[in-house]
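# Summary of the model geometry
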Amino acid sequence: MIAEKVLFLVLDGISDRPCDALDGLTPLGAARTPVLDRIAAEGVCGIMDSVAPGIRPGSDTSHLALLGYPPQEYYTGRGPLEAEGTGIHMTAGMIGFRCNFATVDADGLVTDRRAGRISGTEPLAEAIRENVDLSGLGLEFRFEAGAGHRAALALVGEGLGDKVSSNDPKKEGVLPLTIRPCTDDPADRKTADACNEFIRQSGEILYDHPVNVRRIEEGLPPGNLLLIRGAGKMGALPQFPERYGLSGSVISAATLISGIGKVVGLEHIPVPGTTGSIDSDLDAKVRAAIGELGRKDFVLMNIKGADEAGHDGKAIQKRDFIEVIDKALAPLLDLKETLIVICADHSTPCSVKDHSADPVPVVIRGPGVRTDRTNRFDEVSCAEGGLHRIRGRDLMPIVLDLINKSHKYGA
Ligand SMILES: O=C(O)[C@H](O)COP(=O)(O)O
Ligand SMILES: [Mg+2]
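Residues numbered from 1 in each chain as written. Chains lettered and ligands numbered in written order. Predicted model: local features only at pLDDT ≥ 70, side-chain atom pairs only at ≥ 80, totals over all residues. Heavy atoms only, no water.

By the naming in an unreviewed UniProt entry, the chain is 2,3-bisphosphoglycerate-independent phosphoglycerate mutase, taken from Methanoculleus sediminis. The UniProt entry for the chain carries the following text under Pathway (unreviewed entry): "Carbohydrate degradation; glycolysis; pyruvate from D-glyceraldehyde 3-phosphate: step 3/5." UniProt, in the comment section headed Catalytic activity (unreviewed entry), describes the chain in these words: "(2R)-2-phosphoglycerate = (2R)-3-phosphoglycerate". (UniProt positions renumbered as here; feature names shortened; annotations may be inferred.)

Next up, the structure:
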């Protein structure tokens, strides 16, 4: 039998390096994961360089590669993808950015790049939409809150460039940076000026917004400054359904991933109760994915929480959340006729608190798939599997071959 449907599950940032807190094991290696292990035992495993060996991928470039859109050819910046995910429709002439609600102290130093992983930022976003005014620069803007501390901005107007730096210092205890044009082009200067003005005005609005006043009273870090990065214009991405002959959906609370799905032509299916964090309703997500497989050929599902634990350097929290994921995945074991692909998009080692280039584990299980001797889903066990070491861009061709949608190369 040959599978007709594909469930493509990305366990965001799940892979890691040996952790001292786990006696030298990775969180995935230390976690009890009977469901993932059974899928590994029934499938073919390997490790994967999402972009290429030694390249530290962002979630944007890695997901593009996994879907068969190598970022070297298709990437035009994170901003427009994140913007689409929040519901901002990027059209020609718009410049998109990823934003963080962050905390600065009285001296203006960034004390938390994620404002204590703030959530419920919609009132802050609304105040920004209502009060920031860029008309003096001849510009409009769109601003939408995303999951957790995330948000997206798009500048709208004539003569805007996308080659500008970020104000995100990427570390804490220092001042935010000034956004600068990366070229002599007046269009990039115009964008940089608009960004700095947007950050100034939004900072004034956020400073004494009731949401932040309340957070300070509760001893929580306020979201009183926007860090913005990932400037870009929307690229032209060939549509997934035409490219592969597969209809598809994306299920992800992380707006970057739903945005990538949307721009390649996958239908975004929102699932109430999912947050993109460790408190997400994973059972609802898995139910929604199985439901979508009844309507569509291909379902991309992203589970994000382990990546956040890696960014926070919390190895035990990461291990424990992996066990929560594993329990939630139990219904997948009954999907005997579906090709199931499970992988990480990149490693997020707790020791690095950011992404690394360490290859990630991958498993493919389904009808007709040759199995190997690997029976544990972790970084070390999968390295002994039959897929060996592949690149992210190789995954879709392998999937298409396994579902008989591949074209013969040669006569
Ligand atoms: O979680 C995310 O959205 C990013 O992958 C990490 O970004 P951050 O460091 O700005 O949270
Ligand atoms: Mg990621």
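Let's pick the thread back up.
### Structural notes on the overall build of the chain
Within the chain one finds 15 helices and 13 strands. Taking 2.2 N^0.38 as the reference for a compact globule, 411 residues should give roughly 22 Å; the C-alpha atoms of the chain span a radius of gyration of 21 Å, in line with that estimate. Across its three principal axes, the chain shows a C-alpha extent of roughly 65 × 50 × 35 Å. Put simply, the chain has 411 residues, and 57% of those count as buried. (Helix = DSSP H or I, 4+ residues; strand = E, 2+ residues; numbered from the N terminus. Rg over C-alpha atoms; globule rule 2.2 N^0.38 Å. Buried < 20%, exposed > 50% of the residue type's maximum accessible area, 1.4 Å probe, protein only.)

### Quick look at the site of ligand 1
Around ligand 1, the neighbouring residues are Arg78, Arg98, Asn100, Arg113, Arg114, His149, Arg150, Arg229, Lys304, Asp307, His311 and His355. A distance of 2.8 Å separates an oxygen atom of ligand 1 from a polar side-chain atom of arginine 229. Between an oxygen atom of ligand 1 and a side-chain N or O atom of lysine 304, the distance comes to 3.3 Å. When ligand 1 sits alone it has 310 Å² of accessible area, and the protein chains cover 96% of it. Put simply, ligand 1 lies in the largest pocket. Listing elements by their share of the shell around ligand 1, those giving two or more residues are β3 (94-104) and α12 (305-311). Formed jointly, the shell around ligand 1 draws a minimum of three residues from each of two domains, domain 1 (5-74 + 236-402) and domain 2 (82-232). (Near = heavy atom within 4 Å. Polar contact = N/O pair within 3.5 Å; in protein donor to acceptor, adjacent residues only side chain to side chain. Areas by Shrake-Rupley, 256 points an atom, 1.4 Å probe, with all protein chains shown as cover. 1 Å grid on protein atoms, 1.4 Å probe; cavity = no way out; pocket = protein on both sides within 12 Å on 5 of 7 lines; lining within 4 Å. Sits in = over half its atoms within 2 Å of the grid points. Domains from an automatic or database assignment.)

### Let's talk about the sheet that holds strand β12 (residues 360-365)
Strands belonging to one sheet form pairs held by backbone hydrogen bonds; the direction of such a pair is parallel or antiparallel. One open sheet holds the eight strands; their spatial order is β9-β8-β10-β1-β11-β12-β2-β13, and the pairing between them is mixed. With one partner strand each, in any of the chains shown, β9 (267-268) and β13 (388-391) form the two edges of the open sheet. With six bridges connecting them, strand β1 (residues 5-11) and strand β10 (residues 298-303) associate as parallel partners. Opposite phenylalanine 8, over in β10, you have leucine 300 as the bridge partner. Contacting β1, β2 (44-49), β10 and β11 (338-343), helix α3 (residues 59-66) crosses the sheet at an angle of about 160° to β1. Of the strands in this sheet, β1, β2, β10, β11, β12 and β13 touch helix α15 (residues 392-402), which is tilted by about 105° from β13. (Pairing = 2+ DSSP bridges. Contact = heavy atoms within 4.5 Å. Axes fitted to C-alpha atoms, helices over the stretch in contact; angles between N-to-C directions.)

### Digging into the pairing of β11
Along β11, six of the six residues are buried, which leaves the element largely enclosed by surrounding structure. One ladder, built from six bridges, connects β1 with β11; its direction is parallel. Bridge assignment links leucine 7 to a residue of β11, and that residue is isoleucine 340. Bridging between β11 and β12 involves four bridges; their strand directions are antiparallel. Looking at β12, one finds that valine 341 is bridged to isoleucine 364.

### Some points on the pattern of salt bridges
Going through the model one piece at a time under the given rule, you end up with 30 salt bridges. Note that aspartate 162 and lysine 163 form a salt bridge whose closest N and O atoms lie 2.9 Å from each other. With a relative accessible area of 43%, lysine 163 lands in the partly exposed category. Through salt bridges with shared partners, a single ionic network connects Arg114, Arg117, Arg150, Glu308 and Asp312. (Salt bridge = Lys/Arg side-chain N within 4 Å of Asp/Glu carboxyl O.)

### Describing the coordination of the magnesium ion (ligand 2)
At this site the magnesium ion (ligand 2) is bound by Asp12 (OD), Ser59 (OG), Asp345 (OD) and His346 (NE2), with donor distances of 1.9 to 2.2 Å. Of note, the donors binding the magnesium ion (ligand 2) are all from one chain and are spaced D-x46-S-x285-D-H. Residue aspartate 12 is found in the loop between β1 and α1 (27-30), and its partner histidine 346 is found in the loop between β11 and β12; the two are separated by 334 residues along the sequence. (Donors = N, O, S within 2.8 Å, 3.2 Å for Na, K, Ca; no water.)

### Considering the layout of surface pockets
Reported here for the largest pocket is a volume of approximately 670 Å³. Lining of the largest pocket is provided by 28 residues; of these, Arg113, Arg114, Lys170, His311 and Asp354 occupy positions nearest its centre. With three residues, α12 is the single largest residue contributor to the lining of the largest pocket. By residue class, the composition of the lining of the largest pocket is two nonpolar, seven polar and 19 charged. Residue assignment places the lining of the largest pocket across two domains, with domain 1 (5-74 + 236-402) and domain 2 (82-232) each supplying three or more. As a volume, the second largest pocket reaches approximately 340 Å³. Looking at the lining of the second largest pocket residue by residue, the class counts come to four nonpolar, nine polar and six charged. Counting the residues that make up the lining of the second largest pocket, at least three belong to each of domain 1 (5-74 + 236-402) and domain 2 (82-232). (Points joined across faces, edges and corners; volume = space filled by probe spheres on them. Nonpolar A, V, L, I, M, F, W, Y, C, P; charged D, E, K, R; others polar.)

### Thoughts on unusual backbone geometry
Not every positive phi belongs to a glycine, and lysine 170 is a case in point at roughly 65°. Its place among the elements puts lysine 170 in the loop between β6 (150-156) and α7 (186-207). For histidine 388, which is not a glycine, the phi torsion comes out positive at approximately 55°.

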